[in-house]
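The chain contents come next:
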Amino acid sequence: LKYIKQQELHMSCIQDSRFSYYNRGTPPPVAPRRRGVNTHVHVDTRQQTVKGIQFPISQPAITKLQQLKDGQVNYVRLELDIVNETIELSGAEDTTVQSLPQRVPTDQPRYHFFVFKHTHEGDYQESVLFIYSMPGYKCSIKERMLYSSCKAPLLEQTEQDIGITAVKKIEIDDGAELTEEFLMDEIHPKKNAYREKFARPQ
């Protein structure tokens with residue numbers, strides 16, 4: 001039998017496959033052949049590893065959020081620019097609790113940051129609330145999915161980069177829900193009087 005010398009050939013680009021290249025005797029290295037690689041991706045795996053979608057916040061929105069932190073405004077509304085994949089400023093003004101429901105669109109989702117100034121048990125407090133308004137099925141499926149996916153990364157970004165920490169995160173589908181009583185119950189839940197009465201045996 002005639003012995004045939006085998007030579008392992010390596011290529012780093014398609015041009016290296018020309019026969020004239022191998023006459024030079026110094027083929028470049030290439031990654032070894034991979035075997036047994038499963039390229040099938042399960043949807044469930046992706047849902048478990050992806051926590052959200054982070055869109056960059058526009059500079060006008062960042063400016064108003066900084067003003068909210070510094071006490072210059074008490075309300076900032078944000079919206080998603082789905083085409084450009086950014087978070088844009090939708091509105092910013094001083095707002096009372098009574099006028100807050102009017103700031104919530106009835107046909108489009110929005111993010112709201114509101115500084116709720118109130119008194120609880122004799123103490124004056126200014127609590128930053130994050131309100132996510134989603135008017136039910138009046139919005140497209142794509143909008144609902146994107147607003148839901150961008151919510152957590154937005155809160156993380158505003159806390160780390162701007163220093164705004166929301167004491168309460170509220171989700172609503174109608175601005176009429178935002179009454180003073182509703183906000184007070186969200187921030188300071190009423191204790192169950194019956195349970196308090198029988199908490200300690202007499």
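What this report covers is the structure whose coordinates are included nearby.

Rules of the game
Residues numbered from 1 in each chain as written. Predicted model: local features only at pLDDT ≥ 70, side-chain atom pairs only at ≥ 80, totals over all residues. Heavy atoms only, no water. Phe/Tyr/Trp six-rings, centres within 6.5 Å; stacked < 30°, edge-to-face > 60°. Helix = DSSP H or I, 4+ residues; strand = E, 2+ residues; numbered from the N terminus. Buried < 20%, exposed > 50% of the residue type's maximum accessible area, 1.4 Å probe, protein only. Polar contact = N/O pair within 3.5 Å; in protein donor to acceptor, adjacent residues only side chain to side chain. Pairing = 2+ DSSP bridges. Axes fitted to C-alpha atoms, helices over the stretch in contact; angles between N-to-C directions. Contact = heavy atoms within 4.5 Å. Salt bridge = Lys/Arg side-chain N within 4 Å of Asp/Glu carboxyl O.

1. So, the packing of aromatic side chains
Next up, step 1: Taken as a whole and judged by the stated rule, the model has five aromatic pairs.
Next up, step 2: The interplanar angle of 50 degrees and the centroid separation of 5.1 Å between the aromatic rings of Tyr111 and Tyr147 together place this pair among those described as tilted. Pair noted here: Tyr111 is in strand S3 (residues 110-120) and Tyr147 is in helix H4 (residues 141-162), with a separation of 36 residues, a long-range link. The burial state of Tyr111 is the same as that of Tyr147; both residues are buried.
Next up, step 3: One aromatic cluster is present, formed by Tyr111, Phe113, Phe130, Tyr132 and Tyr147 through successive ring pairs.

2. Here's the deal with the side chain of Ser133
Next up, step 1: Along the chain, Ser133 turns up in strand S4 (residues 123-133).
Next up, step 2: Take Ser133: its relative accessible area is 1%, and that puts it in the buried class.
Next up, step 3: Among the polar contacts listed, one links the side chain of Ser133 to the side chain of His112, at a separation of 2.8 Å.

3. Observations concerning the sheet that holds strand S5 (residues 168-172)
Next up, step 1: Taken in spatial order, the five strands line up as S2-S1-S3-S4-S5 in an open sheet, and their pairing is mixed. Looking at the sheet topology across the chains shown, the edges are occupied by strand S2 (86-92) and S5. In this sheet, adjacent strand axes meet at a mean angle of 30 degrees when their direction is disregarded.
Next up, step 2: When strand S1 (residues 75-81) meets S3, the two strands line up antiparallel, connected through four bridges. Residue pairing in the sheet places Leu78 in a bridge with Tyr111 of S3.
Next up, step 3: Lying on the sheet, H4 is in contact with S1, S2, S3, S4 and S5; it crosses S3 at an angle near 55 degrees.
Next up, step 4: Those strands touched by helix H5 (residues 180-187) are S3, S4 and S5, and its axis lies near 85 degrees from that of S3.

4. Things to note about unusual backbone geometry
Excluding glycine, most residues fall at negative phi; most peptide bonds, likewise, are trans.
Next up, step 1: In this structure, Glu85 is a non-glycine residue whose phi angle is positive, near 60 degrees.
Next up, step 2: The residue Glu121 is not glycine, and still its phi comes out positive at about 50 degrees.
Next up, step 3: Tracing the sequence through the fold places Glu121 in the loop between S3 and S4.
Next up, step 4: Note on Glu121: relative accessible area 71%, which makes it exposed.

5. As for the pattern of salt bridges
Next up, step 1: Evaluation of the coordinates by the stated rule reveals three salt bridges.
Next up, step 2: Among the ionic pairs, Glu171 bridges to Lys151, the shortest N-O distance being 2.4 Å. With Glu171 in strand S5 and Lys151 in helix H4, this pair connects stretches of sequence that are 20 residues apart.
Next up, step 3: Of the residues examined, Lys151 reaches a relative accessible area of 19% and is grouped as buried.
Next up, step 4: Of the charged contacts in the structure, one is a salt bridge between Glu186 and Lys168, with a shortest N-O distance of 3.9 Å. With Glu186 in helix H5 and Lys168 in strand S5, this residue pair connects regions lying 18 residues apart in the sequence.
Next up, step 5: By relative accessible area, Glu186 is classed as partly exposed at 24%.
Next up, step 6: Take Lys168: its relative accessible area is 26%, and that puts it in the partly exposed class.

6. As for the side chain of Gln157
Next up, step 1: Turning to its location among the elements, Gln157 is positioned in helix H4.
Next up, step 2: On the basis of relative accessibility, which here comes to 15%, the residue Gln157 falls in the buried class.
Next up, step 3: A polar atom in the side chain of Gln157 sits 3.3 Å from the side chain of Gln54.
Next up, step 4: Residues within four places of Gln157 in sequence aside, it is in contact with Gln54, Phe55, Ile57 and Ile162.

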